[in-house]
Amino acid sequence: MKILVATDAESSRQLVDALRTRKWSETDSFQIVSVLDSSEVPYLERRQLGTKCLQQVESVAQELQTTFPKSRVTANVLSGLTAEAIAEEAAQWHADLIVIGSHHKRGLTRILEGSVSESVMKASKCSIMLVPVATAEAACKSV
């Protein structure tokens with residue numbers, strides 16, 4: 001099985017934890033991706049952020065490789081519009097499953113910012129595993 005793991009700074013811990021709770025085959029392959037959204041990042045900042053994104057996905061990939069030593073784990077930074085880039089990479093890589101965090105945006109925030117996980121679900125042809133992601137803001141509200 002080919003599993004594409006779409007991560008960001010807020011969701012990486014929860015995604016890794018969710019993957020650890022499942023039984024995976026030794027022949028499963030994981031591709032860890034993060035997207036440098038070209039619509040949100042000025043040109044001059046892309047190189048610096050690209051390096052930071054690469055470090056993040058490589059860290060997640062290393063952690064998964066340690067957890068699943070017989071699986072193939074790769075890391076990749078994509079660029080473009082986040083949901084489209086994830087869906088396109090999943091299609092090109094022939095992913096069987098996309099694992100993505102859901103930030104549970106509601107109300108005006110959802111209208112203005114949209115939902116990446118919802119857009120990925122609409123654009124992808126493979127199965128999706130949504131992992132609830134508690135942001136710092138949500139954690140404060142739940143205390």
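Now for a look at the structure at hand. (Residues numbered from 1 in each chain as written. Predicted model: local features only at pLDDT ≥ 70, side-chain atom pairs only at ≥ 80, totals over all residues. Heavy atoms only, no water.)

1. What about the sheet that holds strand E4 (residues 97-102)?
Across the sheet, five strands lie side by side as E3-E2-E1-E4-E5; this open sheet has parallel pairing. Lying at the two open borders of the sheet, with one neighbouring strand each, are strand E3 (72-80) and strand E5 (127-132). This sheet shows a mean twist of 25° between the axes of neighbouring strands, independent of strand direction. Two elements, E4 and E5, share six bridges in a ladder whose sense is parallel. The residue of E5 that forms the bridge with Ile-98 is Ile-128. Together, strand E1 (2-6), strand E2 (29-37), E4 and E5 form the strand contacts of helix H1 (residues 12-20), whose direction differs from that of E5 by roughly 120°. The strands that helix H3 (residues 82-93) touches are E1, E2, E3 and E4; relative to E2, the one it contacts most, it runs at about 150°. (Pairing = 2+ DSSP bridges. Helix = DSSP H or I, 4+ residues; strand = E, 2+ residues; numbered from the N terminus. Axes fitted to C-alpha atoms, helices over the stretch in contact; angles between N-to-C directions. Contact = heavy atoms within 4.5 Å.)

2. Considerations on the environment of His-94
Summarising the element assignment, His-94 is placed in the loop between H3 and E4. Residue class for His-94 comes out exposed when judged on its relative accessible area of 59%. Considered as a pair, His-94 and Lys-2 are 92 residues apart in the sequence and their alpha carbons are 7.3 Å apart. (Buried < 20%, exposed > 50% of the residue type's maximum accessible area, 1.4 Å probe, protein only.)

3. A look at the packing of H3 against helix H5 (residues 116-123)
For the pair H3 and H5, interaxial distance at closest approach is 9 Å and the crossing angle is 40°. Judged on the interaxial angle alone, H5 and H3 are oblique. Helix-helix and strand crossings are classified by hand; for H3 and H5 the assignment is right-handed. Listed contacts from H5 to Thr-82, Ala-83, Ile-86 and Ala-87 of H3 are Val-116, Ser-119, Val-120 and Ala-123. Classifying every residue of the contact of H3 with H5 gives six nonpolar, two polar and no charged. (Parallel < 35°, antiparallel > 145°, perpendicular 65-115°, else oblique. Left-handed = near helix turned anticlockwise from the far one by under 90°. Nonpolar A, V, L, I, M, F, W, Y, C, P; charged D, E, K, R; others polar.)

4. A closer look at the nonpolar core
Among soluble globular proteins, nonpolar side chains are generally buried collectively. If you look at the biggest cluster of nonpolar residues, it comprises 19 residues, and the most contacted ones within it are Val-5, Phe-30, Ile-32, Leu-64 and Val-99. What Leu-64 contacts, discounting residues up to four positions off in sequence, is Val-16, Leu-19, Phe-30, Ile-32 and Val-73. (Core = buried A, V, L, I, M, F, W, Y, C linked by side-chain atoms within 4.5 Å.)

5. Section: H3
For H3, built from 12 residues, the straight-helix expectation of 16 Å at 1.5 Å per residue is met to within 8% by its first-to-last C-alpha distance of 16 Å. By the burial criterion, the buried members of H3 are Thr-82, Ala-83, Ala-85, Ile-86, Ala-87, Glu-89, Ala-90 and Trp-93. Tucked into the core, H3 has its buried residues touching E1, E2, E3, E4 and H5. Downstream of H3 by a residue or two, His-94 has a phi angle that is positive, lying close to 60°. (Expected span 1.5 Å × (residues − 1).)

6. Details of the environment of Thr-7
Mapped onto the fold, Thr-7 is located in the loop between E1 and H1. Along the sequence, Thr-7 and Gln-56 sit 49 residues apart, while their C-alpha atoms lie 8.8 Å from each other. Beyond its immediate sequence surroundings of up to four residues, Thr-7 is in contact with Ser-12, Leu-15, Ile-32, Val-33, Ser-34, Gln-56 and Val-57. Within the structure, the side chain of Thr-7 is placed 3.5 Å from the backbone nitrogen of Ser-12, a separation counted as a polar contact. (Polar contact = N/O pair within 3.5 Å; in protein donor to acceptor, adjacent residues only side chain to side chain.)

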